[in-house]
Amino acid sequence: MTAPQIVWLAVGTTGAAGLLAVCIALFRQVTRLGRAVVEFGKEVRPTLEQLQREAERAQERTERLAEQGQAIRGADRRAGRGPSEPDGGR
C-alpha cells in the first residue's frame, strides 16, 4: 500500500466516523423532539378544549343576540319606525 492510499484511507475512515457521529446525534435529537411534542400536546390539550368550549358558548350567544336584534328590528318596522328613527321620530 502506498503512502497516498494510506492517507486517503485515514481521511475516509475519519470522515465516515464523523458522519456516523452526526447521524447518531441527529437521530437522538429527533427522538427528543418527538417526546417534547407529545408532552406539549398533553399540556396544551386541556387549555385547547376549554378554549373550544368558550368559543362554542360565544358563538351561541352571538346567534342569540343576532336573533334578538332581528326581532327588535322587526317590531320597529311593524310599529312604523325606521332604522334612523330609534324613538319613532318623537
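Asks: For helix α1 (residues 3-78), give the residues involved together with the corresponding values.
Replies: An α-helix turns once every 3.6 residues. As a result, residues three or four positions apart point the same way. Under the 1.5 Å per step criterion, the end-to-end length of α1 is 104 Å for 76 residues, consistent within 8% with the ideal 112 Å. Within α1, the axis deviates most sharply at Val 44, by approximately 40°, and proline Pro 46 lies no more than four positions further along. Just downstream of α1, Gly 80 is the residue with a positive phi angle, here 90°.

Asks: Describe a negative patch on the surface, naming the residues involved and giving the relevant values.
Replies: Taken together, the side chains of Glu 56, Glu 60, Glu 63 and Glu 67 make up a negatively charged region of the molecular surface. Within the fold, Glu 60 resides in helix α1.

Asks: I'd love a proper account of a nonpolar patch on the surface, names of residues and values included.
Replies: Nonpolar side chains collect at one region of the surface, where Met 1, Ile 6 and Leu 9 lie side by side and expose about 360 Å² of accessible area between them. Among the secondary structure elements, Met 1 is positioned in the segment before α1.

What counts, and at which threshold
- Residues numbered from 1 in each chain as written.
- Predicted model: local features only at pLDDT ≥ 70, side-chain atom pairs only at ≥ 80, totals over all residues.
- Heavy atoms only, no water.
- Helix = DSSP H or I, 4+ residues; strand = E, 2+ residues; numbered from the N terminus.
- Expected span 1.5 Å × (residues − 1).
- Bend = angle between axes of the 7 residues up to and from the residue.
- Patch = residues over 30% accessible without salt bridge, like charges linked within 9 Å, V, L, I, M, F, W, Y side chains within 5 Å.
- Areas by Shrake-Rupley, 256 points an atom, 1.4 Å probe, with all protein chains shown as cover.
- Salt bridge = Lys/Arg side-chain N within 4 Å of Asp/Glu carboxyl O.
- Lys, Arg positive; Asp, Glu negative; His and termini not counted.
- Charge placed at Lys NZ, Arg CZ, Asp CG, Glu CD.

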